[in-house]
Amino acid sequence: MKSFVILIAIMLMVNQFGTAVARSKRKRMPSEPIKFYYLAPSPPCRAVMMAARALDLELDLIPTNIMDGDHKTPEYLKMNPQHTIPTMDDSGFILWESRAILAYLVNAYGKDDSLYPKNPRQRAIVDQRLNFDIGTLFPRYSNLYFPMLFRGDEYNQENADKLNEALGWLNIFLEKSAFVAGDNLTIADISIIVTITNLDAFKFDFSEHENLTKWFERTKKALEPYDWEDIDETGAQMLADFLKREH
Ligand SMILES: N[C@@H](CCC(=O)N[C@@H](CS)C(=O)NCC(=O)O)C(=O)O
Ligand SMILES: *[C@@H]1O[C@H](CO)[C@@H](O)[C@H](O)[C@H]1NC(C)=O
Ligand SMILES: *[C@@H]1O[C@H](CO)[C@@H](O)[C@H](O)[C@H]1NC(C)=O
């Protein structure tokens, strides 16, 4: 009788343990698909869409045409007064700024932290690269290409040189590691690649930066299962076609 009770107790413990293991392995999921306000050619939107695929998250895609003013409606401004795309709505939790969205999605729904490591020093490097992207790389890209895209201006060599200088720094970051923030793919690669994909589509020659060129090939391959071609290459090509029409 006594051994029977002990046996039952052990069986209950094993069962509890098994449930706990299954629970910890089960992925956290949004209670309903995250609403995602986007436009296909938009680089920051493309970054988030690839990350969502990498995290196996379903997005409820809501096309938001900034050329038609979809982002200036009272409803949109109530949600995001800064009227930028991408903007996400996760069951009422609203967030914009693509890099903040990338970090949130991994923190909230990543099955592990590999895309945004929790280790303070590893995370600091990812954050440094993301800050380099928003503060240096993307502005230098836009200083060169926004006037060409949206005003039909000529290619400005001085702005091209500034962009090339930033690409040189990125090339140095890539001297010792396969990806921009270490040996694994992170959200920093996903954020940075959309600008490099644009440059590739615009035929900006960055081949002198050998590590960067190799990283681009490597990262494309890493993102292929997450629809790099459909999301990133196709979007960049739309912008390249637009650029051609402007000239
Ligand atoms: N730093 C922002 C940039 C967002 C942004 O400027 N998006 C552009 C489209 S690519 C936009 O919404 N433009 C319309 C506007 O700002 O009114 C991010 O990464 O989300
Ligand atoms: C990098 O990837 C490897 C292999 O997938 C994994 O074992 C390791 O934990 C990852 N490192 C980080 C910092 O996530
Ligand atoms: C970066 O480029 C240098 C010079 O071409 C090379 O020696 C080095 O191995 C490259 N690093 C990586 C990670 O590919």
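Okay, so let's go over this structure. Everything numeric here is computed off the predicted structure, so don't read it as measured data.

1. What to know about the sheet that holds strand E1 (residues 34-38)
As summarised here, the arrangement of the four strands in space is E2-E1-E3-E4, forming an open sheet in which the pairing is mixed. The open sheet has two free edges, formed respectively by strand E2 (59-63) and strand E4 (93-96), since each of these has just one partner strand. Between one strand axis and the next, the sheet turns through 20 degrees on average, direction left out of account. Both strand E3 (residues 87-90) and E4 contribute to a ladder of four bridges, which runs antiparallel. Bridge pairing in E4 links Asp89 to Ile94.

2. Side note on the site of ligand 2
Close to ligand 2 lie Ser114, Pro117, Gln122 and Asn184. For the shell around ligand 2, a count of residues per class yields one nonpolar, three polar and no charged.

3. Observations concerning the environment of Val126
Mapping Val126 onto the fold places it in helix H5 (residues 120-151). For the pair Val126 and Thr186, spaced 60 residues apart in sequence, the C-alpha separation works out to 7.3 Å. If sequence neighbours within four positions are ignored, Val126 has contacts with Tyr116, Pro117, Ala181, Thr186, Ile187 and Ala188.

4. Brief notes about the site of ligand 3
Taken together, Leu174, Glu175, Glu210, Asn211 and Lys214 are the residues near ligand 3. For the shell around ligand 3, a count of residues per class yields one nonpolar, one polar and three charged.

5. Points about the nonpolar core
Ranked by size, the top nonpolar core spans 48 residues in total, and within it Val48, Met50, Ala51, Leu102 and Ile187 carry the most contacts. It is helix H2 (residues 43-54) that contributes the most residues to this core, eight residues altogether. Contact partners of Met50, with chain neighbours within four places excluded, come to Ile190, Leu223, Tyr226, Asp227, Trp228, Ile231 and Asp232.

6. A few points about the environment of Ala222
Looking at the element boundaries, Ala222 is found in helix H8 (residues 210-223). What makes Ala222 partly exposed here is the crowd of 18 C-beta atoms within 10 Å. Taking the C-alpha atoms as reference points, Ala222 and Leu185, 37 residues apart in sequence, are found 7.7 Å from one another.

7. Thoughts on the pairing of E2
In the sheet, E1 pairs with E2 via five bridges, with the strands oriented parallel. Following the sheet pairing, Lys35 is matched in E2 by Asp60. Each parallel crossover has a hand, and for E1 linked through H2 to E2 it is right-handed.

8. Some thoughts on helix H4 (residues 98-109)
Along its 12 residues, H4 runs 16 Å from first to last C-alpha, staying within 8% of the 16 Å computed at 1.5 Å per residue. Burial in H4 covers these residues: Ser98, Arg99, Ile101, Leu102, Ala103, Leu105 and Val106.

9. Here's the deal with the environment of Val48
If you trace the backbone, Val48 turns up in helix H2. Separated by 52 residues in the primary sequence, Val48 and Ala100 have C-alpha atoms spaced 9.8 Å apart. When residues no more than four places from it in sequence are discounted, the contact partners of Val48 are Pro86, Ser98, Ile101 and Leu102.

About the cut-offs
- Residues numbered from 1 in each chain as written.
- Chains lettered and ligands numbered in written order.
- Predicted model: local features only at pLDDT ≥ 70, side-chain atom pairs only at ≥ 80, totals over all residues.
- Pairing = 2+ DSSP bridges.
- Helix = DSSP H or I, 4+ residues; strand = E, 2+ residues; numbered from the N terminus.
- Axes fitted to C-alpha atoms, helices over the stretch in contact; angles between N-to-C directions.
- Near = placed C-beta within 6 Å.
- Nonpolar A, V, L, I, M, F, W, Y, C, P; charged D, E, K, R; others polar.
- Contact = placed C-beta atoms within 7 Å.
- Core = buried A, V, L, I, M, F, W, Y, C linked by C-beta atoms within 7 Å.
- Buried ≥ 20, exposed ≤ 12 C-beta atoms within 10 Å, placed from the backbone.
- Right-handed = clockwise from strand over helix to strand, strands pointing away.
- Expected span 1.5 Å × (residues − 1).

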